[in-house]
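As a plain string of letters, each chain reads:
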Amino acid sequence: MVFKMFRRQSRISSVLVVIMFIFGEHLVKSSPENDPYKTLGVSKSASQTEIKKAYKHLAREWHPDKNKDPGAEDMFIKITKSYEILSNEERRANFDRYGQMEDNQAFGHSQQQGYRSSFHNSFYFDESFFHFPKSRDFADSKYLLHHAQFNSDVLPDSYRRPYLIKVTSDWCFACIHIEPVWRESVQELEPLGVGIGIVDMGYERRLASQLGAHRTPSILGVVNGRFTFFHQAVVRENLRQFIEDLLPQRMVEKVTDKNYQSFLNGWQSENKPSVLLFDQVPIFPLMYKLTAFAFRDYVRFGYVDQGEKYNTPLLRRFNINTYAPTMLLFKEDTEKPADIIQARGMKRQIMDEFVSNNRFLRVPRLVNQQLFDELCPVKQFHRRRKYCVLLITGEDQAFVPGNEAFLEFATANSKEVLRFAYVYQRQQQPLCQALLQNHAVLSPQVVILERRSPAGKVMYRSVIGGWNGSEEDKHRLYEQLELLQRDPAYLTSDATLPELNNEMAPMFLIQWMNTAYDYFLQIYDDILYSNWREMMPILSLIFSALFILFGTVIIQAFSESGEDKPQKAKPREHPKAEEDDSSRPTTSSRPPKKDFVEVTELTDITYTSNLVKLRPGHINIVLVLSEASKNALLRKFAKEVFSFSGTQTLHFSFLNADKHRQWMPALLALTLDSAQGHSDDEESSDHTGYVLALNGYKKYFCLFRPVFTGDDASEASAAFDSSSSSSSSSSSRRKSRSRSRSQTRSRSHSREDGSGSRRASSRATSLEVHHKLDRLGLWMERLMEGTLTRLRVHAWPSLDPAHGSAES
């Protein structure tokens, strides 16, 4: 009996071994069928570039629109799924470690799950009974989010539109149950401007942990970088209401016939245009709310219900057609709209384009740096120049007529290349001091400027005579604008502007209160749904803040009363500190990275390497000077070319005309284009202040002739003593130094603290020499643009006239 039982158990064991062997063989054979490497035809050591190239080739070949094979769609989905696995490093590592057993199975499962998958493949199992899809729909793949993509794209974009995100995973029965409702909601909300995202918790556990999602399915919204979970029943109406609740309150104001005038007049205080939407719906449309959320920093939004009887006079005033939604946009003129659109089936794209094209007033007020950057962009090469006409005025009633006249002039002369704006001198004192050169102006002043670099450098010119709004002022400003468009060199002054003060900073307190209100609502929501894991960071932050606050109060309460006595002497030092702060130059708020310019002297040794054998594509900028004008010209030269010293293809040198008197006439004599008006240069014996851009490889040069744009000698001599201290302080904040190398390439720095070395007898002369290079900066810009005339030579002359040319 015992022997029979033993034989029976041994037979059962043998059968189990055989069955496991068969299943194991089937498991080994089943995994290569779903091998993404074989599907894409790449090796396991293939790089991302090779994988992407193979995917593009196969996707182009098996796309259902091009390939009419019945199995093309399944093959295309298989190729796409394989690329999703291999393009993600985490999924690829999981596959290399565990292998893929089934299309819908998440990688990283245990071998036991793989065994169950092979067992499932061996026997018939009707998935349609559970409404299980064969694989994730290909249309959902465009919504899949990865951790890096979420932080780089979705989070910043959540400040312009809300996002609705679903957290799911494979083999989630509840996820399949809500799938039809999710699809309908996506089809409804996405055209309105709502962002859609799907996170697979099996593949993106790091992203799911960042979102705070620890179970599937989960639905959450992202607005302004903040996450809010959806806790209601998954129906279309609840999801739509959830999106509306995510948006900030009071973005759209209800406008009637009684308050429309006050709403339109709000442009003066908020510095924004106003938009009115007329529609038959009694509540604010969600698409209009989403548009208001996207442009809330630029435009004010109002809504008028056409069905209300008391709004009939308002509809008649603006001649509104009640059969279709109408949008009116108002700027400074509250009686006549600046733009209007009317469409029966108004779409989000039409709304965005309408508001984006009118998001600025005709003459906006500069209230922060962001608005200044958008209104007056930085000049870029190969693009049309844009100029900013800025009115520096005041807030009192006495300035209102001049401001209205400036608005009238801007409306009549609006062009693409001109941007008009105004600024209050009391609100933006650093900016006004930089443009007005620290002179207090009692009457309004108009400044025409062009931004040259993101560091704040501008070229500008003040309109002579100020601005009173008279017809003479308008005619004078019109003439100067016409002259500027013909000659860009008309802007002769340069400055470095500081950052603008943010005049909307006091509104941050209100924004902080609204943010605190939203967080308290989130805490209440978490307590209501017992979501302690998501609520703990907020509670920790609140208790930490309360602990710090009460701790500070307790420490101050127990502090000694005698500590307040030594502080009575501090008010005496306060005016001095304010005086020191006011005396600091405002234009130096952005110091350059390098504070010197390296300048090499051309001698018999350095002449060949710096000119004759100069590398192709490199240009040597040579300043011609004398012993008497060496210090003054080197300082001015360093100041003008300082902004171009970072270019690697430019080299800076100087030539002493007292040592090499024959070189400049010899160069002009060898010029091939001497017949084009260079006789004055050849006859003149004084070439001090000339600047040449020499291309040693192509044998041509560009010539800069000195001009004197300052006062004449008599006036300069009288004004020098009174302005020496101010000019010395303004030049010292430039901190630009020039380096010169002698025959042994030793460096010498020309610093701008040598005003004391000037002789009293030659003050007017040195000042005139200093102004010879006033327009060198504009010449350098034209050199970089390639618009200067090029003078060609057969060969470069030698510094020693006895040896002929340098290349013979």
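Residues numbered from 1 in each chain as written. Predicted model: local features only at pLDDT ≥ 70, side-chain atom pairs only at ≥ 80, totals over all residues. Heavy atoms only, no water.

### Regarding the overall build of the chain
Formally: Under the DSSP-based scheme used, a helix requires at least four consecutive residues in state H or I and a strand at least two consecutive residues in state E, with every element numbered from the N terminus. Only protein chains enter the accessibility calculation, which uses a 1.4 Å probe; a residue whose area is less than 20% of its type maximum is buried, one above 50% is exposed, and one in between is partly exposed. Whether two residues are in contact is decided by their heavy atoms, any of which lying within 4.5 Å being enough. All accessibility values rest on the Shrake-Rupley procedure with a 1.4 Å probe; residue burial counts only the protein chains present in the view.
On a plain count of helices and strands, the chain comes out with 30 helices and 22 strands. The buried share of the chain, taken over its 808 residues, is 43%. In the chain, once contacts between residues fewer than 6 apart in sequence are set aside, the share between residues at least 24 apart is 73%. As displayed, the chain has an accessible area near 45900 Å², and 53% of this comes from carbon and sulfur atoms.

### Describing the pattern of salt bridges
Operational definition: Counted as salt bridges are all cases of a side-chain nitrogen of Lys or Arg within 4 Å of a carboxyl oxygen of Asp or Glu.
Across all of its chains, the model carries 25 salt bridges by this definition. Its salt-bridge partner being glutamate 179, residue arginine 183 comes within 3.4 Å of it at the nearest N-O pair. Linking arginine 183 with glutamate 179, this pair stays in helix 9 (residues 179-189), spanning 4 residues, or about one helical turn. Assessed through its relative accessible area of 17%, glutamate 179 is described here as buried. A salt bridge links aspartate 373 to arginine 451; the shortest N-O distance between them is 2.7 Å. Within this pair, whereas aspartate 373 is found in helix 17 (residues 369-375), its partner arginine 451 is found in strand 12 (residues 445-451), the two being separated by 78 residues in sequence. Through salt bridges with shared partners, a single ionic network connects Glu188, Arg236, Arg240, Glu244 and Lys289.

### Concerning the pairing of strand 4 (residues 226-229)
To keep things clear, this is the line we draw: Should DSSP find at least two bridges between two strands, the strands are regarded as paired.
Pairing geometry for strand 3 (residues 218-223) and strand 4, over 4 bridges, is antiparallel. Bridged to valine 222 within strand 4 is phenylalanine 227. Joining the antiparallel neighbours strand 3 and strand 4 is a turn of 2 residues, in which asparagine 224 adopts a positive phi near 55°.

### Comments concerning the environment of phenylalanine 293
Inspection of the secondary structure assignment puts phenylalanine 293 in helix 14 (residues 286-294). Once the C-alpha coordinates of phenylalanine 293 and proline 162 are considered, the two residues, 131 residues apart in sequence, prove to be 9.0 Å apart.

### Points about the confidence of the model for the chain
Put simply, the rule is: For every residue, the predictor assigns a confidence score, pLDDT, that lies between 0 and 100.
Looking at the chain as a whole, its pLDDT mean stands at 76, while 72% of the residues score no less than 70. Looking over the chain, one finds the lowest element-wise mean pLDDT in strand 21 (residues 747-750), namely 36, and the highest in strand 1 (residues 163-168), namely 95. Below pLDDT 50 for its whole length, residues 1-6 participates in 0 contacts with residues either more than four positions away or in separate chains. Overall, residues 710-764 carries pLDDT values under 50, and its contacts beyond four positions in sequence, including any with other chains, amount to 74 contacts.

### Here's the deal with a nonpolar patch on the surface
Under the convention used in this document: Like charges are joined within 9 Å and nonpolar side chains (Val, Leu, Ile, Met, Phe, Trp, Tyr) within 5 Å, but only among residues with over 30% relative accessible area and no salt bridge; these make up the patches.
Taken together, the side chains of Phe543, Leu546, Leu549, Phe550, Val553, Ile554 and Phe558 present a nonpolar region at the surface, about 780 Å² in accessible area. Within the secondary structure layout, phenylalanine 543 lies in helix 22 (residues 532-557). Given the relative accessible area of 56%, phenylalanine 543 is considered exposed.

### Quick word on the side chain of asparagine 656
We apply this condition: Polar contact is defined as a pair of N or O atoms within 3.5 Å, subject to the rule that within protein one atom must be able to donate a hydrogen and the other to accept it, and that residues adjacent in sequence are counted only when both atoms are side-chain atoms.
Mapped onto the fold, asparagine 656 is located in strand 17 (residues 650-656). Within the structure, asparagine 656 has its side chain in polar contact with the side chain of glutamate 627 (distance 2.7 Å).

### A closer look at a positive patch on the surface
Note the threshold: The charged-residue count follows a simple rule in which Lys and Arg add positive charge and Asp and Glu add negative charge, with His and chain termini not counted at all. Where a charge sits is defined by one atom per residue type, namely NZ (Lys), CZ (Arg), CG (Asp) or CD (Glu).
Taken together, the side chains of Lys52, Lys56, Arg60 and Lys66 make up a positively charged region of the molecular surface. By the secondary structure assignment, arginine 60 is in helix 3 (residues 48-62).

### Topic: the state of the cysteines
As a reminder, the rule being used: In what follows, a disulfide is any cysteine sulfur pair within 2.5 Å.
Inspection of every chain in the model, using the stated rule, returns 2 disulfides. Covalent S-S linkage joins cysteine 376 and cysteine 388, the inter-sulfur distance amounting to 2.3 Å. Placement of cysteine 376 in the loop between helix 17 and strand 10 (387-393) and of cysteine 388 in strand 10 is noted, with a sequence separation of 12 residues between them. Of the residues examined, cysteine 388 reaches a relative accessible area of 2% and is grouped as buried. Going through the chain in sequence order and numbering each bonded cysteine, the pairs you get are 1-2, 3-4.

### Examining the sheet that holds strand 12
Note the cut-off: Lines fitted to C-alpha atoms define the axes, with helix axes restricted to the stretch in contact, and inter-axis angles between N-to-C directions lie between 0 and 180 degrees.
The sheet built from 5 strands is open, its strands ordered 11-10-12-13-14 with mixed pairing. Sheet topology places strand 11 (418-424) and strand 14 (493-496) at the edges, where each strand pairs with a single neighbour. Each adjacent strand pair in this sheet contributes to an overall mean axis angle of 35°, direction not counted. Relative to strand 13 (residues 457-462), strand 12 runs antiparallel, the two sharing 5 bridges. Directly across from leucine 449, in strand 13, lies its bridge partner tyrosine 460.

### Quick notes on the sheet that holds strand 4
Strand pairing in a sheet is mediated by backbone hydrogen bonds. Such pairs are either parallel or antiparallel. Across the sheet, which stays open at both edges, the 4 strands sit in the order 2-1-3-4 with mixed pairing between neighbours. At either margin of the open sheet sits one strand with a lone partner, and together these are strand 2 (195-200) and strand 4. For this sheet, the mean angle separating the axes of adjacent strands, direction not counted, is 25°. Seen against the sheet, helix 9 touches strand 1, strand 2 and strand 3 and runs at an angle of roughly 160° to strand 1.

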